[in-house]
Amino acid sequence: AQTVTQSQPEMSVQEAETVTLSCTYDTSENNYYLFWYKQPPSRQMILVIRQEAYKQQNATENRFSVNFQKAAKSFSLKISDSQLGDTAMYFCAFMKHGVGSGGSNYKLTFGKGTLLTVNP
Amino acid sequence: DTGVSQNPRHKITKRGQNVTFRCDPISEHNRLYWYRQTLGQGPEFLTYFQNEAQLEKSRLLSDRFSAERPKGSFSTLEIQRTEQGDSAMYLCASRPGLAGGVEQFFGPGTRLTVL
């Protein structure tokens, strides 16, 4: 079974600064996806960024980027130029590739989350 | 709004009562997932549907839980004889077939409080 660990329950950052959220995972699989999801207060979860394990290049989406270290099983999220609207719970999630009994049906395994507060 | 919708958004019930939640996925999505999120935890997988077929159930889904997706569109999650430990946020997510990508789109959730 896969496990996802987020070691920072809470973090805070000043508006316009950069912050990095940590995530490690444990798996014996070679083909998988990693995600960062954002859950704002009382609002639904939305995808921030996705990384496919077979891709060596780190994913980037505007102010969000990841540092994917496959050998170390590490997947951190960097948020640049933090904005007040970035205040949310951030979840790291793992998805094994494949369907059926040998696969995962593409279900997500989440970490416990990191509560990020962006201060004005 | 063409996102995933869930009803009700909040449900308060007394221990021992039955409750049912509904999820309406994005219309062209034939894959549907239910997750449960307790306070201070990340969501945990409960069950998965491909069209109307329930293809996987977590060990978290006890005999008191049942999920259906009768016509491959909306889904319901029923909890019988609720217990205080069932208090949680129940999240629904949907996605298209693999050709459409693996990203799951989440609904706003149903928050259940069992008194």
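The following paragraphs examine the structure supplied in this document. Each chain carries its own residue numbering, running from 1 in the written order of its sequence. Throughout, the order in which chains and ligands are written sets their labels, letters from A for the former and numbers from 1 for the latter. For a predicted model such as this one, the threshold for reporting local features is a pLDDT of at least 70, and the threshold for listing and counting side-chain atom pairs is 80 or more; totals across whole chains, interfaces and linings nevertheless cover every residue. Water and hydrogen atoms were dropped before computing side-chain values, which therefore reflect all heavy atoms in the structure.

### Topic: the interface of chain A and chain B
Phase 1: Facing 19 residues of chain A, the contacting portion of chain B comprises 22 residues.
Phase 2: Two parts placed together each lose some accessible area under a 1.4 Å probe, and adding up what both lose gives the buried area. Of the roughly 1,700 Å² buried between chain A and chain B, counting both surfaces, carbon and sulfur atoms make up 56%.
Phase 3: For this analysis, a salt bridge means a side-chain nitrogen from Lys or Arg found within 4 Å of a carboxyl oxygen belonging to Asp or Glu. The interface formed by chain A and chain B contains one salt bridge.
Phase 4: The salt bridge partner of A:K107 is B:E56, with a shortest N-O separation of 2.7 Å.
Phase 5: The definition of a polar contact used here is a pair of N or O atoms within 3.5 Å, where within protein one atom must be able to donate a hydrogen and the other to accept one, and adjacent residues in sequence count solely through side-chain atom pairs. Seen at the junction of chain A and chain B, the total is nine residue pairs in polar contact (both at pLDDT 80 or more).
Phase 6: If you list the elements that add at least two residues to the side of chain A that touches chain B, you get β5 (32–39), β6 (46–52) and β10 (88–96) of chain A.
Phase 7: Under the grouping applied here, Gly and all other residues not named as nonpolar or charged are polar, the nonpolar ones being Ala, Val, Leu, Ile, Met, Phe, Trp, Tyr, Cys and Pro and the charged ones Asp, Glu, Lys and Arg. Its residues placed into classes, the side of chain A that touches chain B shows 10 nonpolar, six polar and three charged. What makes two residues a contact is simply this: any of their non-hydrogen atoms within 4.5 Å. Starting at the N terminus, helices and strands are each numbered in turn, a helix being any DSSP run of H or I of at least four residues and a strand any DSSP run of E of at least two.

### A look at the environment of A:D81
All names here are of chain A.
Phase 1: The topology assignment puts D81 in the loop between β9 (74–79) and β10.
Phase 2: In the structure, D81 is positioned 17 residues away from F64 in sequence and 9.4 Å away in space, judged by C-alpha atoms.
Phase 3: Leaving out residues up to four positions away in the same chain, D81 has contacts with A16, E17, T18 and R63.

### What to know about the pairing of strand β8 (residues 64–69) of chain A
Here is the key point about a regular strand: its side chains alternate between the two faces of the sheet.
All names here are of chain A.
Phase 1: Taken together, the two bridges between strand β7 (residues 60–61) and β8 define a ladder with antiparallel strand orientation. Among the inter-strand pairings, T60 is bridged to a residue of β8, identified as S65.
Phase 2: Any two strands with at least two DSSP-identified bridges between them are counted as paired. Here β7 folds back onto β8, and the loop between the two strands holds two residues, one of which, N62, carries a positive phi near 55°.
Phase 3: As defined by bridge partners, β8 adjoins β9 across six bridges and the pair is classed as antiparallel.

### Considering the environment of B:R95
Phase 1: Here B:R95 lies in strand β9 (residues 88–95).
Phase 2: Partly exposed residues are those whose accessible area sits between 20% and 50% of the maximum for their type, while under 20% is buried and over 50% is exposed, using a 1.4 Å probe and protein chains only. When its relative accessible area of 1% is taken as the criterion, B:R95 is described as buried.
Phase 3: Spatially, the C-alpha atom of B:R95 lies 6.6 Å from that of B:L32, the residues being 63 residues apart in sequence.
Phase 4: For B:R95, the contacting residues outside a window of four places in its chain are A:N105, A:Y106, B:H29, B:N30, B:R31, B:Y33, B:Y48, B:G101, B:V102, B:E103 and B:Q104.

### Concerning the environment of B:S27
Residue and element names in this part refer to chain B.
Phase 1: Relative to the assigned elements, S27 resides in the loop between β3 (19–24) and β4 (31–37).
Phase 2: On the basis of relative accessibility, which here comes to 71%, the residue S27 falls in the exposed class.
Phase 3: As a C-alpha pair, S27 and Q80 span 53 residues in sequence and 28 Å in three-dimensional space.
Phase 4: Reaching out from S27, the side chain makes a polar contact with the side chain of E28 at a distance of 2.9 Å.

### Regarding the pairing of strand β11 (residues 110–114) of chain B
All names here are of chain B.
Phase 1: By the alternation rule, side chains of β11 split into T110, L112 and V114, which are all buried, and R111 and T113, of which none is buried.
Phase 2: Two elements, strand β2 (residues 10–13) and β11, share four bridges in a ladder whose sense is parallel. Note on β11: the bridge partner recorded for I12 is T113.
Phase 3: The pairing of β9 with β11 spans three bridges and is classified as antiparallel. Looking across to β11, one finds that A88 is bridged to L112.

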